[in-house]
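# Tertiary structure, described
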Amino acid sequence: MKKLVVFNWKMNPASRREAEELFAATERESKKVKGVDVAVCPPYVYLPCAPSAGSHFTLGAQDIFWEPHGAFTGEISASMLVSMHAEYVIVGHSERRKFLGETDSMIQKKMQAAVNANIVPIFCVGETGEVRKQGIEAAKEFVGGELEEGLLGYERRVAELVIAYEPIWAIGNGKADKPRESAEMVEFIKKFMKKHVGFSPRVLYGGSVDGKNAAGFLSEEAIDGALVGGASLHPADIKKIINFK
Ligand code: PGA
């Protein structure tokens, strides 16, 4: 299976013009690469600025709301995302858990809303620095708990689900995990999923991936791709990451 690189712009860039430039740069690089699937998750407002049909990357969103429509000020539904051509949606990112108070039960409902709409959820899990200090086995237990909670009641109606292993202590600070250790966690996640949900999805690594370290992660057989935050804003990194081979 091809590796999947998902660029998560988070709350960037600051203007529509810059978003259009970034889409153009990502398109330019994606067009030249064959063996890698590329997806871009911009802020909602920039979804319509993406190059139209025929582009070489897939669009995704950074969040979703679970209700289909109605009086939910500020929220965005699954059908809205579908109508803007989003095929992926990030669910349960640690920044949303931390800054927006997202809980496991909210995440469960978001997972279900995505699945019902045929949008592929990119479900984020990852332990805190404190847990990791206790060792990789403690981290596995923590991540197993998150998988259990987030997927509670999850009905598998689509063939595709993506899980992003994002150790919280490695996000946005240049201190990426070691490729071998994240590969060990990815293997654990795959086994866990096989046992509890009946299949092993694609599992990505995320946390300070950039042009310099991407090859280390993407060359690990178990790691199916990367969820990239900060480096998605820099064309030179985009190029290096998707040309990791
Ligand atoms: P980062 O973010 O690459 O800036 O660490 C990754 C993520 O949070 O998706």
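It should be emphasised that the depicted structure is a prediction, and the values quoted were computed from it without experimental measurement. (Residues numbered from 1 in each chain as written. Predicted model: local features only at pLDDT ≥ 70, side-chain atom pairs only at ≥ 80, totals over all residues. Heavy atoms only, no water.)

## Side note on helix H6 (residues 136-150)
Heads up, the rule is: For the purposes of this entry, the term helix denotes a DSSP run of H or I that reaches at least four residues, the term strand denotes a run of E that reaches at least two, and both are numbered from the N terminus. To estimate the expected span of a helix, subtract one from its residue number and multiply by 1.5 Å. Note on exposure labels: buried denotes an accessible area under 20% of the residue type's maximum, exposed denotes more than 50%, and partly exposed covers the range between, all computed with a 1.4 Å probe on protein chains only. Contacts were defined at the residue level, with two residues in contact if any of their heavy atoms lie within 4.5 Å.
Here H6 is 15 residues long and its end C-alpha atoms lie 21 Å apart, about the 21 Å a rise of 1.5 Å per residue gives. Within the span of H6, buried status applies to Ile136, Ala138, Ala139, Lys140, Val143, Gly144, Glu146, Leu147 and Gly150. Buried residues along H6 sit in contact with helix H3 (94-99), helix H4 (104-116), strand S5 (120-125), helix H5 (129-133), strand S6 (162-165) and helix H7 (179-196).

## Focus on the sheet that holds strand S1 (residues 3-8)
Our working definition: DSSP-based pairing: two strands are paired if at least 2 bridges between them are found. Working convention: axes come from line fits to C-alpha atoms, limited for helices to the stretch in contact. Angles between N-to-C directions cover 0 to 180 degrees.
Within the closed barrel, the eight strands sit side by side as S1-S2-S3-S4-S5-S6-S7-S8. Their pairing is parallel. Strand after strand, the sheet turns through a mean of 25° between neighbouring axes, direction not considered. Here six bridges tie S1 to strand S2 (residues 36-41), and the two strands are oriented parallel to one another. Counted as the bridge partner of Val5 is Val38 from S2. The sheet contacts of H4 involve strand S4 (86-91) and S5, and relative to S5 the element is tilted by about 155°. Strand contacts of H7: S5, S6 and strand S7 (202-206), with the helix running at about 145° to S6, the strand carrying the most contacts.

## Comments concerning the packing of helix H1 (residues 16-32) against helix H9 (residues 235-242)
Helix-helix packing: each pair is described by the crossing angle between the helix axes and the interaxial distance. Condition: Convention used here: angles under 35 degrees read as roughly parallel, angles over 145 as roughly antiparallel, angles from 65 to 115 as roughly perpendicular, and any remaining angle as oblique. The sense of a crossing depends on the near helix, which, turned anticlockwise from the far helix by less than a right angle, makes the crossing left-handed and, turned clockwise, makes it right-handed. Gly is put with the polar residues, along with every residue not named as nonpolar or charged; the nonpolar set is Ala, Val, Leu, Ile, Met, Phe, Trp, Tyr, Cys and Pro, and the charged set is Asp, Glu, Lys and Arg.
Put simply, H1 and H9 touch, their axes get as near as 10 Å, and they point 25° apart. When the axis of H1 is compared with that of H9, the two are roughly parallel. As H1 packs across H9, the resulting crossing turns out to be right-handed. Judged by residue contacts, Leu22, Ala25, Thr26, Glu29 and Ser30 of H1 engage Pro235, Ile238, Lys239 and Ile242 from H9. Residue composition of the contact of H1 with H9, by class: five nonpolar, two polar and two charged.

## A look at the site of the ligand
Heads up, the condition is: Consider each residue's heavy atoms; a residue with any of them within 4 Å of a molecule or strand counts as near. Distance and chemistry together define a polar contact, namely a pair of N or O atoms within 3.5 Å, with one atom able to donate a hydrogen and the other to accept it when in protein, and with adjacent residues in sequence counting only for side-chain atoms on both sides. In this description, accessible areas are obtained by the Shrake-Rupley approach with a 1.4 Å probe, and a residue is regarded as covered only by the protein chains that are shown.
Taken together, Asn8, Lys10, His93, Glu166, Ile171, Gly172, Gly207, Ser208, Leu227, Val228, Gly229 and Gly230 make up all the residues around the ligand. At a separation of 2.8 Å, an oxygen atom of the ligand approaches a polar side-chain atom of Lys10. In the complex, the protein chains occlude 96% of the 280 Å² of accessible area that the ligand would expose alone. Looking at the shell around the ligand residue by residue, the class counts come to three nonpolar, seven polar and two charged.

## Looking at the pairing of S6
We apply this condition: Place the viewer so that the strands point away; then a crossover is right-handed whenever the path from the first strand over the helix to the second strand goes clockwise.
Burial along S6 is two-sided: the face carrying Val162 and Ala164 and the face carrying Ile163 and Tyr165 are both buried. Where S5 lies against S6, four bridges are found, and the strand directions are parallel. Each residue of the ladder has a partner; that of Phe123, found in S6, is Ile163. Where S6 and S7 come together, four bridges link them in parallel fashion. Residue pairing in the sheet places Ala164 in a bridge with Leu204 of S7. Crossover S6 to S7 through H7 is right-handed.

## Comments concerning the packing of aromatic side chains
How we decide: Note on aromatic contacts: the rings of Phe and Tyr and the six-membered ring of Trp form a pair at centre separations within 6.5 Å, being stacked when their planes are under 30 degrees apart, edge-to-face when over 60 apart, and tilted otherwise.
This structure, assessed with the given rule, holds seven aromatic pairs. With 4.3 Å between their ring centres and 35° between their planes, Phe65 and Trp66 make a pair best called tilted. Relative to Phe192, the ring of Phe188 has its centre 6.0 Å away and its plane inclined at 55°; by these criteria the two rings are tilted. Taken as a pair, Phe188 and Phe192 lie in helix H7 at a separation of four residues, close to a single helical turn. In this structure an aromatic cluster arises from ring pairing among Trp9, Phe23 and Phe57.

## Comments concerning the state of the cysteines
Such a bond, covalent and formed between the sulfur atoms of two cysteines, is termed a disulfide. For clarity, the threshold we go by: Our working definition of a disulfide is a cysteine sulfur pair at a distance within 2.5 Å.
Enumeration according to the criterion identifies zero disulfides in this entry. You can see Cys49 has no disulfide; the closest cysteine sulfur is in Cys41, sitting 15 Å from it. Residue classification places Cys49 among the buried residues on the basis of a relative accessible area of 12%.

## Focus on the nonpolar core
What counts, and what does not: Residues belong to one nonpolar core when they are buried, are Ala, Val, Leu, Ile, Met, Phe, Trp, Tyr or Cys, and are joined through side-chain atoms within 4.5 Å.
Ranked by internal contacts, the top residues of the largest apolar core, which has 62 residues, are Phe7 and Ile189. Broken down by element, this core gets its largest block of residues, six residues, from H7. If we skip the residues at most four places from it in the chain, Ile189 touches Val125, Val143, Leu147, Ile163, Tyr165 and Val203.

The values reported here are purely geometric and, on their own, carry no functional implication.
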